[in-house]
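# Descriptive structure summary
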Amino acid sequence: MSLLLGRDVFGDEKNKGNVLSKQEAEDLLNDWVKNERLKLHMKQVAHLMKSWAQEKENLSDADVWQWQLAGLLHDADWDLWPETHCKKIIEELEKRNVDPEVIHAIASHGHLHFGVMPQTKMDKMLYAFDELSGLIHAYSLMRPNGYEAMDIKGVKKRLKEKSFAANVSREDINDACERAGIGLDELIAFIIAHQPNVA
Ligand SMILES: [Fe+2]
């Protein structure tokens, strides 16, 4: 099964600045995603994107919401349409005239699967947070006190254990850090600091 998208232009430049409202995004999420674990994953990635855009990039509220929106919807079609994962949500956002940069970030969140290279900082951070956020969440679930006192060393140990959260691609994580120009330690520390706030 190939998830390759076969194109690298998404959306329409004339839709720059167009986004879904918080309510519209939430409705889409609730309509399309019934799996609560997946929904939590998307909310976690959205929160990380929002926090990074605010704290590290100092973006305006409008731009911060674009980052958050990309995180919130990046896996929206995975639950109901796994065979056309990514394609389906991209087409939906194109139909709704969403900003092309938001759509491009979603299209490039796994270039090894979808064949679209991350280019902007938003693209790269979505790609970087996606897999690592999942692994750190899985790690929190096996610790008696969840995220409390979790450290970088412990996360790195789990990364080295191939059998732990085996579906999390280590290849993607290393590639994403390199592309984003961020050290693995910095990324892990950021996720440990921000992810516990998501319920
Ligand atoms: Fe994801």
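Throughout what follows, the structure given in this document is the object of discussion. Computed from a predicted model, the values in this text were never measured in an experiment.

Tracing the backbone through its elements, the reader meets Trp-67 in helix H3 (residues 61-73). Along the chain, Trp-67 and Ala-138 lie 71 residues apart, while their C-alpha atoms are 24 Å from each other. Residue contacts for Trp-67: discarding those within four places in its chain leaves Met-49, Trp-52, Ala-53, Glu-57, Leu-59, Lys-121, Met-122 and Met-125.

A separate point is the layout of surface pockets. Empty space left among the atoms is revealed by rolling a probe the size of a water molecule over them. Estimates place the volume of the largest pocket at around 820 Å³. His-41, Asp-75, Trp-78, Glu-131 and Asn-167 are, among the 26 residues lining the largest pocket, the residues nearest its centre. Those elements that place two or more of their residues in the lining of the largest pocket are helix H2 (36-55), helix H6 (111-114) and helix H7 (121-142). Within the lining of the largest pocket, the residues separate by chemical class into 10 nonpolar, 11 polar and 5 charged. What lines the second largest pocket is Lys-22, Ala-25, Glu-26, Leu-29, Lys-43, Ala-46, His-47, Trp-65, Gln-68, Leu-72, Asn-197 and Val-198. Mapped by element, the contributors of at least two residues to the lining of the second largest pocket are helix H1 (22-32), H2 and H3. It is H1 that contributes the most residues to the lining of the second largest pocket, 4 residues altogether. A per-class count over the lining of the second largest pocket returns 6 nonpolar, 3 polar and 3 charged.

Burial in helix H9 (residues 170-180) covers these residues: Arg-170, Asp-172, Ile-173, Asp-175, Ala-176, Cys-177 and Ala-180. On its buried face, H9 is in contact with H6, H7, helix H8 (152-160) and helix H10 (184-194). Of the residues flanking the end of H9, it is Gly-181, one or two places downstream, whose phi is positive at about 70°.

What counts as what
Residues numbered from 1 in each chain as written. Predicted model: local features only at pLDDT ≥ 70, side-chain atom pairs only at ≥ 80, totals over all residues. Heavy atoms only, no water. Helix = DSSP H or I, 4+ residues; strand = E, 2+ residues; numbered from the N terminus. Contact = heavy atoms within 4.5 Å. 1 Å grid on protein atoms, 1.4 Å probe; cavity = no way out; pocket = protein on both sides within 12 Å on 5 of 7 lines; lining within 4 Å. Points joined across faces, edges and corners; volume = space filled by probe spheres on them. Nonpolar A, V, L, I, M, F, W, Y, C, P; charged D, E, K, R; others polar. Buried < 20%, exposed > 50% of the residue type's maximum accessible area, 1.4 Å probe, protein only.

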